[in-house]
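Okay, here's what each chain looks like letter by letter:
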Amino acid sequence: MADTTGNTQDTGAPDDGGSRPRKSSWRYIGPGIVVAATGVGAGDLVATLIAGSNFGYTLLWAAVIGCVVKISLAEAAGRWHLSTGRTLFDGWASLGRWTTYFFGIYVVIWGFVYGAAAMSSSALPLQALFPDVMDLEWWGIACALVGLVFVWFNKYAVFEKVMTILVGVMFVVTVYLAIRVTPNLGDAFAGLLPVLPDEKDSILNTLGLIGGVGGTITLAAYGYWVNAKGWTNTGWMKVMRLDNRVAYITTGVFVVAMLFVGAELLHSANVAIASGDKGLLQLSDILQDKYGTATAKFFLIGFFATSFTSLIGVWHGVSLMFTDFITRGRRTAAASKGEDIASGTREKSWPFRAYLLWLTFPPMILLFEGQPFRLIIIYGVLGAAFMPFLALTLIWLLNSDRTPGEWRNGPLSNAMLAIAGLLFLVLCVKQIWDQPWSEFF
């Protein structure tokens, strides 16, 4: 993808005397793999699978555009961190107190409900693989505790290596399935032409697919992972951009592969599956009937890798963001902030571990009692509002004097972020409109 800032050369030197790579190289890749693994959860795969089931290859172009939009968002977040030496929450705070209030409410409620969703999603394939071992709720608790211990006792380097292994599992499984169903490549290439399905609400369904490809708050966490990797100045800008493109090419492979499966295995046979994580269990049953037990179990392993990478990715990345949210007031200089990020001390701080505990233990209540109705409505509204908040605040920050002139947005980046902001604003309004408000009061 072209340089989204409009700059043709990366001439920036380290502005703090820190390290820089000799040249952009594949061997530096890491945070992008993490953001791809975290951003693509079971829900994303189901949404793409259902799109393939309902519309065949017609919306393949929408899945590709979704990846391009997210490249622009993550690149902007990473560019802010590297060019300013400040974190994304520093930038938000400079826009006014309203950003602090929004993020504070959002991260508490979102974390509580997401914790339960991540546990349940990780538990489903394990229960299907080992049905006689324990109930779904206890599998979920086990996954949460494993994630807690893993993130608690390991720094970023180990975390990245494990995420890379699990991404490899996801990649092999999804590509294998896409090849196994024998896709019609002619129809697939035709699906790259931007055509809307001839059905009611096709525009909103298409926008939903574009917006649902890989990541929500994890896009904002990308800059924090970039810093945790040790990239803290503009000397790493080319590496960050390469890393980010790899992230969303990987994401594109996942979603295109699942769309192939939906188009060939479900659409051609006129088979419908449920939305949500349980749709993947239905797919496992279909795969078993058509290709045998081994293929079904292989898919469930990939399902677990997809869900568990999202769990530990959020446990790590959003905890870094929460730590920045809590400790910002105690940091007084950009240099000391950069040193704190690069040294990995945030991963051992009490706010980081407190949010880890918040993601792990309170949500266990929801596994047994069901999710409180009003809380789910608030969660849905806040979740829908976060992406337009991210896109529009990045436009604000990266076009202002808060960003060094060389690294401000160019026309292409502004256009992509504006498209992302409008896209997610429409989806936010739809999400709010669809909430059963009459039952809330």
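The preceding data block contains the structure.
These figures come from a predicted structure and were not determined experimentally.

On to the packing of helix 12 (residues 278–291) against helix 13 (residues 293–327), then. Between helix 12 and helix 13, whose axes approach to 7 Å, the crossing angle comes to 155°. The angle between helix 12 and helix 13 falls in the class roughly antiparallel. Once helix 12 is placed against helix 13, the crossing between them reads as right-handed. Facing L280, L281, L283, S284, L287, Q288 and Y291 of helix 12, the residues of helix 13 in contact are T293, T295, A296, F299, L300 and F303. Looking at side-chain class alone, the contact of helix 12 with helix 13 contains nine nonpolar, four polar and no charged residues.

A separate point is the packing of aromatic side chains. All chains considered together, the criterion is met by 28 aromatic pairs. Aromatic side chains Y106 and W110 sit 6.0 Å apart centroid to centroid with 20° between the ring planes, which places their arrangement in the stacked category. One end of the pair, Y106, and the other, W110, are both in helix 5 (residues 97–129), four residues apart, so they sit about a helical turn from each other. For the pair Y106 and W110, a shared accessibility class is recorded, and that class is buried. Taken together, a centroid distance of 6.5 Å and an interplanar angle of 40° make the contact between F150 and F159 tilted. Just as F150 is buried, F159 falls in that class too.

Before going further, it helps to spend a moment on unusual backbone geometry. Even without glycine at this site, T182 takes up a positive phi of about 55°. Structurally, the position occupied by T182 is in the loop between helix 7 (156–180) and helix 8 (185–190). Judged by relative accessible area, T182 falls into the exposed class, the value being 57%.

By size, the foremost hydrophobic cluster in this structure holds 127 residues, and its most contacted members are L73, L88, W92, I312, W315, F386 and L390. In terms of residue count, the dominant contributor to this core is helix 13 (14 residues). Not counting the four nearest positions on each side in its chain, L73 is found in contact with L219, M387, A391, L394, L417, A420 and F424. The next biggest cluster of nonpolar side chains, apart from the first, holds eight residues, and it includes Y57, A188, A257 and L259.

Rules of the game
- Counting of residues starts from 1 at the beginning of each chain's written sequence and follows it residue by residue.
- Local features in this predicted model are restricted to residues whose pLDDT is 70 or higher, and side-chain atom pairs enter the listing and the counts only when it is 80 or higher, whereas totals over whole chains, interfaces and linings include all residues.
- Only hydrogens and water are set aside when side-chain values are computed; all heavy atoms of the structure are taken into account.
- Note on method: axes are straight lines fitted to C-alpha atoms, helices fitted across the in-contact stretch only, with angles between N-to-C directions ranging 0 to 180 degrees.
- In this description a helix means any DSSP run of H or I spanning at least four residues, a strand means any run of E spanning at least two, and both kinds are numbered starting from the N terminus.
- Relative orientations are named as follows: roughly parallel for angles under 35 degrees, roughly antiparallel for angles over 145 degrees, roughly perpendicular for angles from 65 to 115 degrees, and oblique for any other angle.
- Crossing handedness follows the turn of the near helix against the far one: under a right angle anticlockwise gives a left-handed crossing, and clockwise gives a right-handed one.
- Any two residues whose heavy atoms approach within 4.5 Å at even a single point are treated as in contact.
- Gly is placed with the polar residues, together with every amino acid not listed as nonpolar (Ala, Val, Leu, Ile, Met, Phe, Trp, Tyr, Cys and Pro) or charged (Asp, Glu, Lys and Arg).
- Only rings of Phe, Tyr and Trp enter the pairing, Trp through its six-membered ring, and a pair is recorded when the two centres are within 6.5 Å. The plane angle decides the type: under 30 degrees is stacked, over 60 is edge-to-face, the rest tilted.
- Throughout this description, buried means an accessible area under 20% of the type-specific maximum (1.4 Å probe, protein chains only), exposed means over 50%, and partly exposed covers the range between.
- Residues belong to a common nonpolar core when they are buried Ala, Val, Leu, Ile, Met, Phe, Trp, Tyr or Cys residues joined through side-chain atoms within 4.5 Å.

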